[in-house]
Amino acid sequence: MARTPRIGPVTFFQLLARYGSASKAIDALPSLRSGRSKLKIAARAEIEREWQALSDFGANVVCACEDTYPSLLKQFAPPPPVLTMIGRPPLAQKRCVAIVGARQASAAGRKIGRDIAAALSAADFTIVSGLARGIDGEAHAASLNGGTIAVLGGGIDHIYPPQHTRLYGAIRDTGLLISESPFGHRATARDFPRRNRIVTGISEGVVIIEAAERSGSLISARTAMEQNREVMSVPGSPLDPRSAGNNRLLRDGATLVRHADDVIEALTVPLTRRVNAPDLPRYEDMLPPDIGIPEAQIERVQALLSTTPISIPDLARAAGLSEPRCAAVLVELELSGEAVTFPGGFAALAV
């Protein structure tokens, strides 16, 4: 079910709750709304090939219901249903801090990244990043001895960028590699926001080093805020465009950090108070499996959607529906390819 196109994390867990098991949900999918085109359920043979390839590669499939699944990521609403991992899964159960920043980082930025990562690693934190060039690579390399987690945009076997082949191998040997994508998948631009959500979701907080105004690191910062994680920023010169995003984050209330001690101090608030992901409507509260949704309700919700994401409570209010019923309508629209839902309880018109 997790590998079936159009079934994102939100729809996955709502279908699971409605039908009680993935197998029953898969059996029911052909009878649901067909929309633009017929839903193509992932073939058993295709899944078995991926399973065998992962096994041969030495990787493991980890589901959100399992103990080895990263504990903080489980609190994300909803978490990725299936991850693949290779390396040391216990690293994801320790206290984790994400460090991200510019790909074209300055020498000073690289040194700050190395210093913070090494000191936090020595203090028994796991360093998490995205294996990108620049700050990501420096953070991983500096924390190899203590254990680092690299979250990949492509499949667990896809090394990107290729310049990090040796670093990838070192992390595989001493740290942990994680991917949400199928084995063999080559990363595209649309995969990196999903990767960033996992980087911040695993971590108690994220440290931003040298982020330009329109950088991917600022997307990570926004995602961390949505996940109620601590956002920490290293200040930079107002004359350096690589620090423009950092300085704006500080202006808007991010925590200023200069070194690892500042990071540890920022994370002294009890974790149970800082991490509090919102709950999504449960599908079992929406409607029994054998009762369909009136076409008028589906058309009403669809007409209210745009390409700009809107929260399910706001959409339900505009449609005059309860939140559970609105979420049920969105499942139908996502399966038909007419809407897309996002972790955190947002929806938009499919494009």
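**Quick word on the state of the cysteines**
Two cysteines whose sulfur atoms are joined by a covalent bond form what is called a disulfide. Across all of its chains, the model carries 0 disulfides by this definition. The cysteine Cys63 is free of any disulfide, with Cys65 supplying the nearest cysteine sulfur at 5.3 Å. Summary of cysteine pairing: Cys96 is not part of a disulfide, and the nearest cysteine sulfur, belonging to Cys63, is at 20 Å.

**Brief notes about the nonpolar core**
Grouped together as the largest cluster of nonpolar side chains are 29 residues, with contacts concentrated most on Val128, Ile149 and Ile202. Residue assignment for this core shows that the elements contributing at least two residues are strand S2 (82-87), strand S3 (96-101), strand S5 (148-152), strand S6 (176-179), helix H7 (191-202), strand S7 (205-209) and helix H8 (216-226). Sequence-distant contacts of Ile202, that is, excluding residues within four places in its chain, are made with Pro70, Leu72, Leu73, Cys96, Val128, Ile149, Val151 and Ile178. Of all hydrophobic cores here, the second largest spans 20 residues; its members include Ala102, Ala105, Val207 and Ile209.

**Looking at the packing of aromatic side chains**
Aromatic ring pairs are defined here through the distance separating the ring centres and the angle between the ring planes. Under the definition given, this model contains 3 aromatic pairs. Ring geometry for Tyr160 and Phe192: centres 6.1 Å apart, planes at 40°, overall tilted. With Tyr160 in the loop between S5 and helix H6 (165-174) and Phe192 in helix H7, this residue pair connects regions lying 32 residues apart in the sequence. Note on Tyr160: relative accessible area 42%, which makes it partly exposed. If you follow Arg172 out to its NZ or CZ, it ends over the ring of Phe57, 4.3 Å from the centre.

**Focus: the pairing of strand S12 (residues 346-349)**
As paired strands, strand S10 (residues 310-311) and S12 are joined by 2 bridges and run antiparallel to one another. Paired with Ile310 across the bridge in S12 is Ala347. Alignment of strand S11 (residues 339-342) against S12, held across 4 bridges, turns out to be antiparallel. By the bridge assignment for S12, Phe342 is matched with Phe346.

**Quick look at the sheet that holds S12**
Across the sheet, which stays open at both edges, the 3 strands sit in the order S10-S12-S11 with antiparallel pairing between neighbours. A strand with exactly one partner marks an edge of an open sheet, and here the two such strands are S10 and S11. With respect to the sheet, helix H14 (residues 323-335) is in contact with S11 and S12, its orientation differing from that of S11 by roughly 120°.

**Examining H6**
Residues of H6 that are buried include every one of Leu167, Tyr168 and Ile171, and no others. Taken end-on, H6 shows its buried residues confined to a sector of 105°, consistent with a single buried face. H6 presents Arg166 and Asp173 as exposed residues on the side facing more than 90 degrees away from its buried surface. For H6, the elements touching its buried residues are helix H3 (44-57), helix H5 (135-142), S5 and S6.

**Topic: the pattern of salt bridges**
Counted by the stated rule, this structure contains 15 salt bridges. For Arg18, the salt bridge is made with Glu332, and the minimal N-O distance between the two is 4.0 Å. Placement of Arg18 in helix H1 (residues 9-19) and of Glu332 in helix H14 is noted, with a sequence separation of 314 residues between them. No difference in accessibility class separates Arg18 from Glu332, as the two residues are buried. Here Glu180 ties to Arg194 by a salt bridge, and the two come within 3.1 Å at their closest N and O atoms. Of this pair, Glu180 sits in the loop between S6 and H7 while Arg194 sits in helix H7, and the two are 14 residues apart along the sequence. By relative accessible area, Arg194 is classed as partly exposed at 23%. A cluster of three or more residues bridged by salt bridges with shared partners is formed by Arg110, Arg114 and Glu138.

Procedures and definitions
- Residues numbered from 1 in each chain as written.
- Predicted model: local features only at pLDDT ≥ 70, side-chain atom pairs only at ≥ 80, totals over all residues.
- Heavy atoms only, no water.
- Disulfide = S-S within 2.5 Å.
- Core = buried A, V, L, I, M, F, W, Y, C linked by side-chain atoms within 4.5 Å.
- Buried < 20%, exposed > 50% of the residue type's maximum accessible area, 1.4 Å probe, protein only.
- Helix = DSSP H or I, 4+ residues; strand = E, 2+ residues; numbered from the N terminus.
- Contact = heavy atoms within 4.5 Å.
- Phe/Tyr/Trp six-rings, centres within 6.5 Å; stacked < 30°, edge-to-face > 60°.
- Lys NZ or Arg CZ within 6 Å of the ring centre and 35° of its normal.
- Pairing = 2+ DSSP bridges.
- Axes fitted to C-alpha atoms, helices over the stretch in contact; angles between N-to-C directions.
- Arc of directions from axis to C-beta.
- Salt bridge = Lys/Arg side-chain N within 4 Å of Asp/Glu carboxyl O.

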